[in-house]
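# Structural features, examined
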Amino acid sequence: MGNAGGSGGAADAAVNASGSMPLHKPKSASVLVQFTLDVRVVARVGNRMRPGRTGTAVRELTLPRPVVIRMPEPVVRRMLAAQQDRLQDPDDHLGLRKAAAATPSD
């Protein structure tokens with residue numbers, strides 16, 4: 001798309017395409033979280049000629065590669081503590097097992 005006035009159109013496009021983003025300083029430490037993503041897609045198709053007739057299709061799939069996102073460390077710690085049966089840190093990157101072993105239990 002061109003700029004009608006012709007002033008700065010190519011320069012603005014070059015700046016926007018450079019990939020530079022404003023710097024945002026994180027408020028807390030963050031960690032990378034990897035997980036398997038299961039997706040359920042539901043499609044409903046309505047018939048405009050006969051309003052009462054609709055068709056529904058459901059497809060469930062697991063993405064072939066794990067998903068990795070960056071999350072705040074305190075959030076991940078809370079998630080691991082709340083859902084120990086479903087979430088895990090097998091290599092103890094956050095040191096939760098070390099901290100649990102250091103605190104004496106009654």
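In what follows, the accompanying structure is described. The structure presented is a predicted model; accordingly, all values stated were derived computationally and were not measured. (Residues numbered from 1 in each chain as written. Predicted model: local features only at pLDDT ≥ 70, side-chain atom pairs only at ≥ 80, totals over all residues. Heavy atoms only, no water.)

### Considering the pattern of salt bridges
- On inspection of all chains with the given rule, the structure shows 2 salt bridges.
- Between glutamate 60 and arginine 40 there is a salt bridge whose closest N-O contact spans 3.1 Å. Note that glutamate 60 is positioned in strand S3 (residues 54–62) and arginine 40 in strand S2 (residues 38–46), a separation of 20 residues in sequence. As far as burial versus exposure is concerned, glutamate 60 and arginine 40 are alike and both exposed.
- Glutamate 73 is the salt-bridge partner of arginine 77, the closest N and O atoms lying 2.8 Å from each other. Of the two residues, arginine 77 and glutamate 73 both sit in helix H2 (residues 73–82), 4 residues apart, roughly one turn of that helix.
- Taking the relative accessible area as the measure of exposure, arginine 77 reaches 30% and is therefore partly exposed.
- Accessibility expressed as a relative area gives 19% for glutamate 73, which makes it buried. (Salt bridge = Lys/Arg side-chain N within 4 Å of Asp/Glu carboxyl O. Helix = DSSP H or I, 4+ residues; strand = E, 2+ residues; numbered from the N terminus. Buried < 20%, exposed > 50% of the residue type's maximum accessible area, 1.4 Å probe, protein only.)

### As for the environment of isoleucine 69
- Turning to its location among the elements, isoleucine 69 is positioned in strand S4 (residues 67–72).
- Note on isoleucine 69: relative accessible area 35%, which makes it partly exposed.
- The sequence separation of isoleucine 69 and glutamine 34 amounts to 35 residues, and the corresponding C-alpha distance is 6.7 Å.
- Other than its neighbours up to four places away in sequence, isoleucine 69 contacts Val31, Leu32, Val33 and Phe35. (Contact = heavy atoms within 4.5 Å.)

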